[in-house]
Amino acid sequence: MPSALATISQKIRSLGINAFHLYRDAIHHQNYSKPKLLPASKKSKKREVFNKLCESIGASDLRLSYFTETANYSDADNLICMDVINFVESGSLDQALILLDLSKKAGFRSNRLDVNRARVLMSLERYAEVFKIWIRLAKSEDEMVKKRAATQLRKLLNLFLKSAYAMLKLHQWEIQYLPMKAPDEVIIELKILLIQETTAIREAKRYQLALMLLEKALSFGLHSPETDHMRAQILAELNRIEEATILWNKVLAGDITEELHNTILEHLKPYEVRVDVQKVSDLIKNMDQSDLTYSSTVETLVDHILMYPNCKYFKEELDTLALKHHETKSVQDENFDENASHRKSIAGFDAFLSVLEKRYESS
């Protein structure tokens, strides 16, 4: 008879074997029921991108010295950059940018390519695009790239300040807040100082100059929801209402604070109807006398009456348009003048009801 120790040992061995079999069977079932898909080889992906770029270059007018179909695709980034530098040194900036664009579209991505793009765009004075590249590279995990991006951002913003100073002095404005050189907290602090300087210019009622300063900052990529809101305010003060409302709505569509959101909504209220009044006025002025154009104009007027029930303009235009469309060419009676207002109201009301009835029937 086996000892108690031997019995226990045998049971443990049996349990271990059974557990192993269960584990093996589970793995076997998993492997056959759900085949494992291996990720595509990075080497294969790079070759595919290389071939795609070769096709794009072949269909273009580019003549390259380094990047060719017979080149080693693993060294493609380096070859592209060498051709970009070659174009830049020969003064063919547009060709350099085309090559960079084709490379990006094909799927090439690297910090080195971004740096070269920034250089080309800088030479083309497309500062806002340069700003975006350096902002992105400033978040790089590569410390060398990060440091270089910070340096280039400071240079770019110093260029903006130099340009802004020259413009403001030319227009005889005594600068109060903008520094001569970019501050330590480059972006955040400079945006605050920009708003302060623009506010001072606005308070002096030099709206055009204030707008010029904000547009100069925008051309360098230096803007924020707050500066865009201020730019919209100045556009409204210059009676460029439609541009202001478009800009305000663009800011509202972005990620902004609740306070700014509510502030913009309050600014929009008195201007929205003015923009639509101008649009409808232009529509009526340029409409022909066909029934089709008349019907579409009436539809527009009804929409605006429903949208702005307290605005008399749309109702008055509907009354006038409806009466003009329906009145006959026969000679009116002598009481026409004293009944004109009543006739207009009836005609406009009939036109309004007709549109609503059609909409009700079609719904």
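The structure displayed is predicted, hence computed values, not measured ones.

## Considering a nonpolar patch on the surface
- A contiguous nonpolar surface patch, about 340 Å² in accessible area, is contributed by Leu306, Phe349, Leu353 and Leu356.
- At three residues, the largest contribution of residues to the nonpolar patch is made by helix α15 (residues 336–362).
- By the secondary structure assignment, leucine 306 is in helix α13 (residues 291–307).

## Regarding the packing of aromatic side chains
- One pass over the structure, following the stated rule, counts three aromatic pairs.
- On the basis of an interplanar angle of 10 degrees and a centroid distance of 4.6 Å, the ring pair of tyrosine 127 and phenylalanine 220 is categorised as stacked. Of this pair, tyrosine 127 sits in helix α6 (residues 127–137) while phenylalanine 220 sits in the loop between α9 (207–219) and α10 (225–237), and the two are 93 residues apart along the sequence.
- Using a relative accessible area of 15% as the deciding quantity, one classes tyrosine 127 as buried.
- Using a relative accessible area of 3% as the deciding quantity, one classes phenylalanine 220 as buried.
- Taken together, the ring pairs in this structure connect Tyr127, Phe160 and Phe220 into an aromatic cluster.

## Things to note about empty space enclosed by the protein
- Taken as a whole, this structure holds one cavity of 30 Å³ or more when the rule is applied.
- When its volume is computed, the largest cavity comes out at roughly 30 Å³.
- Forming the boundary of the largest cavity are Leu214, Leu218, Leu222, His223, Thr227, Asp228 and Arg231.
- Elements supplying a minimum of two residues to the lining of the largest cavity: α9 and α10.
- Take the lining of the largest cavity: its biggest share by element is three residues, from α10.
- Its residues assigned to classes, the lining of the largest cavity shows three nonpolar, two polar and two charged.

## Some thoughts on helix α4 (residues 93–106)
- Counted at 1.5 Å a residue, the expected span for α4 with its 14 residues is 20 Å, and the 20 Å between its end C-alpha atoms agrees.
- Within α4 the residues assigned to the buried category are Leu93, Ala96, Leu97, Leu99, Leu100, Leu102, Ser103 and Ala106.
- Glycine 107 lies just past α4 and shows a positive phi near 125 degrees.

## Some thoughts on the confidence of the model for the protein
- Per-residue confidence for the protein gives a mean pLDDT of 82, with 83% of residues at or over 70.
- Highest mean pLDDT in the protein belongs to α9 (97); lowest belongs to helix α1 (residues 4–33) (46).
- Contacts of residues 15–41 to residues separated by more than four positions or lying in other chains number zero contacts, the stretch itself having pLDDT below 50.
- pLDDT under 50 marks residues 328–338. Its contacts with residues more than four places away, or in other chains, come to three contacts.

Rules used in this analysis
Residues numbered from 1 in each chain as written. Predicted model: local features only at pLDDT ≥ 70, side-chain atom pairs only at ≥ 80, totals over all residues. Heavy atoms only, no water. Patch = residues over 30% accessible without salt bridge, like charges linked within 9 Å, V, L, I, M, F, W, Y side chains within 5 Å. Areas by Shrake-Rupley, 256 points an atom, 1.4 Å probe, with all protein chains shown as cover. Salt bridge = Lys/Arg side-chain N within 4 Å of Asp/Glu carboxyl O. Helix = DSSP H or I, 4+ residues; strand = E, 2+ residues; numbered from the N terminus. Phe/Tyr/Trp six-rings, centres within 6.5 Å; stacked < 30°, edge-to-face > 60°. Buried < 20%, exposed > 50% of the residue type's maximum accessible area, 1.4 Å probe, protein only. 1 Å grid on protein atoms, 1.4 Å probe; cavity = no way out; pocket = protein on both sides within 12 Å on 5 of 7 lines; lining within 4 Å. Points joined across faces, edges and corners; volume = space filled by probe spheres on them. Nonpolar A, V, L, I, M, F, W, Y, C, P; charged D, E, K, R; others polar. Expected span 1.5 Å × (residues − 1). pLDDT = per-residue confidence, 0-100. Contact = heavy atoms within 4.5 Å.

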